[in-house]
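So the chains spell out like this:
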Amino acid sequence: MASTRRAKWSQEDMENAMRAVNRGDGGGISVHEASTRFGIPRRTLRNHLSSGSTEKRLGRKTILSSEEELMLVNRIIRFASLGMPFTAKMIRSHVFNYVAKNNISHPFTSNLAGEKWFRLFMKRHPRLSARKAQAMNQARAQKLNRFIVNDHFTKLEETMKDLDLFNQPDHIFNLDEKGCQLSLHHQQRVIAAKGHKRVHLVAPEHGENVTIVACVSAVGIAVPPMIIFKGKNRKEQYGDDLPPLSCFEMAEKGSMIHEVFVKWLKHFSKFKPAGRVLLILDGAKCHLSMDILDEADKYDITLFCLPSNTTHELQPLDTAVFRSFEHHWDKQVLEFWRTRPDRTLSKDVFGKVFTPVWMKCMTMGNITSGFRKCGIYPFNKNAIPDHAFAPSEATQIDDNEPPQPLTSADATQQQPSTSLAEATLQPQSSVSAPAATPGTEKPSQPLAMSMPTTSAPVLPSPSTNVSFCDLMKTPTKKKRSVVRKKSINNRATVISKSLFETEKTGNGGKGKGNGKGKEKAKKTTQTESGWYCPVCQDTKIEDMRSCESCSVWYHEDCVGLTKADDSFVCPECDN
C-alpha cells in the first residue's frame with residue numbers, strides 16, 4: 001500500500017483558513033467548513049486557532065526552540081570557521097549542559113543529548129554536514145593573514161612587472177617537493193564477510209621514503225621530475241620506467257639537500273625557455289644559500305620565496321596538483337600488488353607505479369587551475385577566499401551577540417543563510433577603531449568584529465539563564481614567552497645577496513649603529529593588555545613594532561617583520 005503524504009496544506013492555506021474563521025465583521029465561517037474548503041484537518045485547524053500560530057510543523061515539539069537551535073548552529077559554524085570544529089559528541093555534550101543548566105525538560109541520559117535528537121537536528125539544519133577536518137598547525141593558522149598575503153601579492157606584482165611576465169606565463173614556474181612512501185598512504189575500504197571484527201591487509205606499514213621534485217609552468221607544462229632515493233649507492237636500474245627525460249639522485253635520508261638542489265637547477269635549465277624566468281618556491285633551508293643564488297643567476301632564474309606557513313594557499317602545486325597524488329598513488333600500488341603476490345615495492349620498480357600516477361596528476365587542467373587559484377596567473381591579488389583567513393582573524397567577540405534573524409526558509413526547510421561566522425569574520429580593513437599601544441588597555445571591541453547592518457528583524461535572545469555563547473566560548477590562544485628568530489622567508493621576498501648579508505650582520509648588512517632614531521622592536525614586561533596586536537587580535541607576549549605613521553603596535557611575527565627591517569608602515573596607513 002502506497003504511503004500517503006502528510007500535511008498537504010501549505011502555510012498560506014492555514015493563514016487563509018484562520019482569516020476566514022476569525023473575520024471581524026461577524027461573517028466568519030465554521031471550523032468544519034474552513035477545514036473542508038482549505039483541506040486542513042479540523043483538529044489541526046483548532047490547534048492553530050488556539051495558539052494563533054500559522055507555522056507548519058509536523059511531529060512533536062522540539063526540545064530546543066527555533067531561536068535556540070539557530071544560535072547553536074551559528075556557534076557550530078563560527079567555531080568551524082576558526083579552525084576549532086566540534087564533533088557530534090561534543091555538540092551533544094554542550095546541548096545536555098544547556099538544557100540542564102536552564103531547567104529545560106528533556107529525556108537525555110548519560111550526560112549527552114540523544115543520538116536520535118542529534119540525527120533529527122542535523123536533518124532540520126541541512127547547512128550543517130559531517131566533514132573530515134584537515135589538520136592545521138597554529139603557525140599556519142596565524143601566518144595566513146591579510147597583511148602577509150597582501151604583502152606577498154604586492155612583491156609578486158612588482159617582480160612580475162620588473163621581469164615583464166604578465167603576458168609570458170611560460171616564464172613563470174613553481175617548484176615543490178612531494179614526499180612519497182613505498183607503501184600505501186591511507187587505509188583502504190575493502191570487502192569482507194559481514195560481522196568480522198578485524199580485516200587485515202598484509203602490506204608494509206612504513207615504506208621507504210622517496211622525494212619527488214616537481215616543477216610546473218603557468219601554461220600547464222610539467223618539467224620532467226627529479227626523483228630522490230634514500231641511500232648512497234646509485235644503481236642505474238632505479239631510473240627504469242620513469243617519465244621521459246626524468247633523472248634521479250641519491251640522498252642519505254631520501255629528501256632534498258643543498259647539493260641535490262644545485263643539480264636540479266642544472267636539470268631545470270635544460271627545459272626552461274630562453275631568457276629570465278621566475279621560479280616560485282618555498283623557504284626550505286636547502287633552497288636558500290649564496291651558492292644556490294649564484295647557480296640560479298647562471299641560468300637566468302629569479303627565485304621568489306613564498307612566506308613561511310602559507311604554501312597551502314599560495315603554492316599552485318600544493319593547492320591543485322599534489323592534492324590528488326596520494327589517492328592515485330594508492331590505487332596504483334594496489335594494482336601493482338595484484339600482479340605481484342610478494343607485494344614488494346622497491347626502488348628498482350618504483351617507476352612502474354610512479355609514472356602512471358605522474359601522468360594522471362600533471363595534467364594541463366590541474367596545473368593551470370593551481371596558478372589561477374593562487375592568483376599568480378592570471379594575476380589576481382584577491383584570489384584567496386575570505387574563509388581562508390578566518391583562523392588568523394579575531395577569535396574574541398561579544399559573547400552576548402544576538403542570533404541571526406530566523407528567515408522563513410529557516411523556519412520551514414532550514415535553507416542555507418548567512419551564518420554568524422560569515423557575518424562576523426569580515427576583513428579587518430573594513431572597520432576602523434583605535435588600537436592599543438604597549439602599556440595601554442586593548443580596545444573593548446576587536447577591529448574586525450563589527451556586525452553588518454540588516455533590515456530584517458533580529459530575534460530576541462532566549463529567556464534562559466545560560467546561553468550557548470556562555471557554554472561555547474572561543475578558547476584563548478596559548479601565549480608564547482620565548483621569541484624565535486625570524487626566518488629569511490618570514491615574508492615573501494625575491495632571493496638576493498643582500499638577504500644573506502643581512503642574516504650575517506643581523507643589522508641590514510650595514511654594520512652596527514645603523515638605524516638610529518628608527519623605531520625598534522620592543523620586548524618589555526608590560527601588563528597583559530599591553531601586548532595587544534590588531535592583526536591577530538591577541539595579547540600573546542612577542543616582539544612588537546609600532547607603525548611610523550599612526551604609532552599602532554603590531555606583533556612582528558604577524559606582519560612578517562625581522563630585526564633587519566628598519567622601517568615599518570602598517571597596512572592601514574600603507575593603503
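Only a predicted model underlies this, so the values are computations on that prediction, with no experimental measurement involved.

### Topic: the overall build of the chain
- Each helix and strand in the chain was counted, giving 20 helices and 9 strands.
- The buried share of the chain, taken over its 575 residues, is 45%.
- Contacts in the chain between residues at least 24 apart in sequence constitute 70% of all its contacts with a sequence separation of at least 6.
- For the chain, the exposed surface amounts to about 30900 Å²; the carbon and sulfur share of it is 49%.

### Side note on the pattern of salt bridges
- This structure, assessed with the given rule, holds 16 salt bridges.
- Of the charged contacts in the structure, one is a salt bridge between Arg-124 and Glu-69, with a shortest N-O distance of 2.6 Å. Of this pair, Arg-124 sits in helix 6 (residues 115-124) while Glu-69 sits in helix 4 (residues 66-81); the two residues are 55 residues apart in sequence, bridging distant segments of the chain.
- Among the residues examined, Arg-124 registers a relative accessible area of 25% and is labelled partly exposed.
- In this structure, the salt-bridge partner of Arg-234 is Glu-249, at a minimum N-O distance of 4.0 Å. A residue pair is termed long-range when its members are at least 10 positions apart, and Arg-234 in the loop between strand 3 (222-230) and strand 4 (247-251) and Glu-249 in strand 4 qualify at 15 residues.
- The structure contains a network of salt bridges with shared partners spanning Arg-234, Glu-236, Glu-249 and Lys-263.

### What about the confidence of the model for the chain?
- Per-residue confidence for the chain gives a mean pLDDT of 78; residues scoring 70 or more make up 77%.
- In this model residues 394-462 is a low-confidence stretch, pLDDT under 50, and it forms 136 contacts with partners more than four residues away in sequence or in other chains.
- When the criterion is pLDDT under 50, residues 507-529 qualifies, and its contacts beyond four places in sequence or with other chains add up to 42 contacts.

### Let's talk about the side chain of Asp-282
- Checked against the element boundaries, Asp-282 lands in the loop between strand 5 (277-281) and helix 10 (290-298).
- No salt bridge is formed by the buried Asp-282; its nearest oppositely charged neighbour, Arg-140, is found at 8.1 Å.
- Among the polar contacts listed, one links the side chain of Asp-282 to the backbone nitrogen of Ala-284, at a separation of 3.1 Å.
- At 3.1 Å, the side chain of Asp-282 and the side chain of His-287 are in polar contact.
- Not counting residues up to four positions away in its chain, the partners in contact with Asp-282 are Asp-176, Glu-177, His-287, Cys-305, Thr-311 and Gln-315.

### With respect to helix 13 (residues 325-339)
- For helix 13, spanning 15 residues, the distance from its first C-alpha to its last is 22 Å, which sits close to the expected 21 Å at 1.5 Å a residue.
- Every buried residue belonging to helix 13 is among Phe-325, His-328, Trp-329, Asp-330, Gln-332, Val-333, Phe-336 and Trp-337, and all of these are buried.
- Those residues of helix 13 that are buried lie in contact with strand 1 (172-181), strand 2 (209-217), helix 12 (316-321) and helix 14 (350-361).

### Re the environment of Ile-376
- Take Ile-376: it is sitting in the loop between helix 15 (364-373) and helix 16 (408-412).
- Between the alpha carbons of Ile-376 and Gln-315 there is a distance of 9.1 Å; along the sequence they are 61 residues apart.
- Setting aside chain neighbours within four positions, we find Ile-376 in contact with Leu-156, Met-160, Ile-172, Ile-280, Leu-314, Pro-316 and Phe-371.

### A short note on the packing of aromatic side chains
- Evaluated as defined, the whole model comprises 17 aromatic pairs.
- Ring centres of Phe-354 and Trp-358 lie 5.6 Å apart, and the angle between their planes is 45°; this geometry places the pair in the tilted category. Pair noted here: Phe-354 and Trp-358 are both in helix 14, with a separation of 4 residues, about one helical turn. In terms of burial, Phe-354 and Trp-358 fall into one category: buried.
- Among the aromatic residues, those joined into a ring-pair cluster are Phe-229, Tyr-238, Phe-248, Phe-325, Trp-329, Phe-350, Phe-354 and Trp-358.

### Some remarks on the sheet that holds strand 2
- Strand order in the open sheet formed by 7 strands is 4-3-2-1-5-6-7, and the pairing between neighbours is mixed. This sheet does not close on itself; its edge strands, each paired only once, are strand 4 and strand 7 (493-494).
- Examined bridge by bridge, strand 1 and strand 2 share 9 bridges and lie antiparallel to one another. In the sheet register, Gln-181 faces strand 2, and the bridge partner there is Asn-209.
- Helix-sheet contacts for helix 14 involve strand 2 and strand 3, and the interaxial angle to strand 3 is about 150°.
- In this fold helix 15 packs onto strand 1, strand 2 and strand 3, with an angle of close to 75° to the strand it touches most, strand 2.

### Let's talk about the nonpolar core
- Judged by nonpolar contacts, the single largest core of 51 residues is most densely connected at Ile-227, Trp-329, Phe-350, Phe-354 and Met-362.
- If near-sequence neighbours (up to four positions away) are discounted, Phe-350 is found in contact with Leu-182, Val-210, Ile-227, Phe-229, Leu-242 and Trp-329.
- Listed in part, the 30 residues of the second largest apolar core include Cys-215, Ile-228, Phe-268 and Ile-495.

### Brief notes about unusual backbone geometry
- Between Tyr-377 and the following residue, Pro-378, the backbone shows a cis peptide bond with an omega angle of -10°.
- Here Pro-378 is to be found in the loop between helix 15 and helix 16.
- Located in the positive-phi region is Leu-245, a residue other than glycine, with phi close to 70°.
- Mapping Leu-245 onto the fold places it in the loop between strand 3 and strand 4.
- Of note in this structure, Asp-300 is not a glycine but carries a positive phi near 60°.
- Summarising the element assignment, Asp-300 is placed in the loop between helix 10 and strand 6 (301-305).

### With respect to the environment of Asn-209
- With respect to the helices and strands, the residue Asn-209 is situated in strand 2.
- Look at Asn-209 and you get partly exposed, because its relative accessible area is 28%.
- Sequence-wise, Asn-209 and Gln-181 are 28 residues apart; in three dimensions their C-alpha atoms are separated by 4.7 Å.

### Looking at the pairing of strand 3
- Of all 9 residues that make up strand 3, 7 are buried, and the element is covered over most of its length.
- The pairing of strand 2 with strand 3 spans 6 bridges and is classified as antiparallel. Across the sheet, the residue bridging to Thr-211 is Ile-228, located in strand 3.
- Two successive antiparallel strands, strand 2 and strand 3, enclose a turn made up of 4 residues, where Gly-220 displays a positive phi of approximately 95°.
- Sheet analysis places strand 3 next to strand 4, joined by 5 bridges and oriented parallel. Looking at strand 4, one finds that Ile-227 is bridged to Phe-248.

Conventions and cut-offs
- Residues numbered from 1 in each chain as written.
- Predicted model: local features only at pLDDT ≥ 70, side-chain atom pairs only at ≥ 80, totals over all residues.
- Heavy atoms only, no water.
- Helix = DSSP H or I, 4+ residues; strand = E, 2+ residues; numbered from the N terminus.
- Buried < 20%, exposed > 50% of the residue type's maximum accessible area, 1.4 Å probe, protein only.
- Contact = heavy atoms within 4.5 Å.
- Areas by Shrake-Rupley, 256 points an atom, 1.4 Å probe, with all protein chains shown as cover.
- Salt bridge = Lys/Arg side-chain N within 4 Å of Asp/Glu carboxyl O.
- pLDDT = per-residue confidence, 0-100.
- Lys, Arg positive; Asp, Glu negative; His and termini not counted.
- Polar contact = N/O pair within 3.5 Å; in protein donor to acceptor, adjacent residues only side chain to side chain.
- Expected span 1.5 Å × (residues − 1).
- Phe/Tyr/Trp six-rings, centres within 6.5 Å; stacked < 30°, edge-to-face > 60°.
- Pairing = 2+ DSSP bridges.
- Axes fitted to C-alpha atoms, helices over the stretch in contact; angles between N-to-C directions.
- Core = buried A, V, L, I, M, F, W, Y, C linked by side-chain atoms within 4.5 Å.

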